[in-house]
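# Coordinate analysis (summary)
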Amino acid sequence: KKQVDIDRPGKDSFRLREAGCMEVLLLGNDRWALMHELRGAEEPPLDYLLDRLQACDLVLIEGFKNGDFPKLEVWRASLGKPPLWPEWPGIVAVASDTPLPVAQPIAATAPGLARFDLSATAPIADFVLAQAAPR
């Protein structure tokens, strides 16, 4: 997992977190953010985090690879990592800037897998909206 920091070294919010604050609230002209430090505690479940969101039309989730929901994998060969598909459960589509490295055609190995060119944003958005489930 990668670290997510929305503040920078030298800023008060960064120093407060480094000093041990469990939560730091940032307010700027255009946005605010509340950061909660886990400090070794278990990561909260996705449902717990989703319950903290205000009402919205669509939630896009990044991470939570073990979650029980349909996933769209974004895969770039240039990063030098193998695709998660077909080994990872729940992947229903792959968006990539190159063909996937598979021994057989995708249709033969995963008839239900949708494949998108990474630059084809409209078809990807349509697919995501079609997969969205009300909560």
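My aim in this report is to walk through the structure given alongside it, one point at a time.

A few words on the pattern of salt bridges. The final tally for this structure, using the stated rule, is three salt bridges. Here Glu37 ties to Arg17 by a salt bridge, and the two come within 2.9 Å at their closest N and O atoms. In this pair, Glu37 is assigned in the loop between strand 2 (32-36) and helix 2 (46-50) and Arg17 in helix 1 (residues 12-18), connecting sequence segments 20 residues apart. Overall, the relative accessible area of 6% leaves Arg17 in the buried class. The residue Glu37 makes a salt bridge to Arg39 at a minimum N-O spacing of 4.0 Å. When its relative accessible area of 44% is taken as the criterion, Arg39 is described as partly exposed. Residues joined by salt bridges that share partners form a network here, namely Arg17, Glu37 and Arg39.

Position of Ser96 relative to the elements: it lies in strand 4 (residues 91-96). In this structure Ser96 comes out as buried when scored by relative accessible area, which is 1%. A polar contact is formed between the side chain of Ser96 and the backbone oxygen of Thr98, at a distance of 2.7 Å. Other than its neighbours up to four places away in sequence, Ser96 contacts Trp75, Arg115, Phe116, Asp117 and Leu118.

Rules used throughout
Residues numbered from 1 in each chain as written. Predicted model: local features only at pLDDT ≥ 70, side-chain atom pairs only at ≥ 80, totals over all residues. Heavy atoms only, no water. Salt bridge = Lys/Arg side-chain N within 4 Å of Asp/Glu carboxyl O. Helix = DSSP H or I, 4+ residues; strand = E, 2+ residues; numbered from the N terminus. Buried < 20%, exposed > 50% of the residue type's maximum accessible area, 1.4 Å probe, protein only. Polar contact = N/O pair within 3.5 Å; in protein donor to acceptor, adjacent residues only side chain to side chain. Contact = heavy atoms within 4.5 Å.

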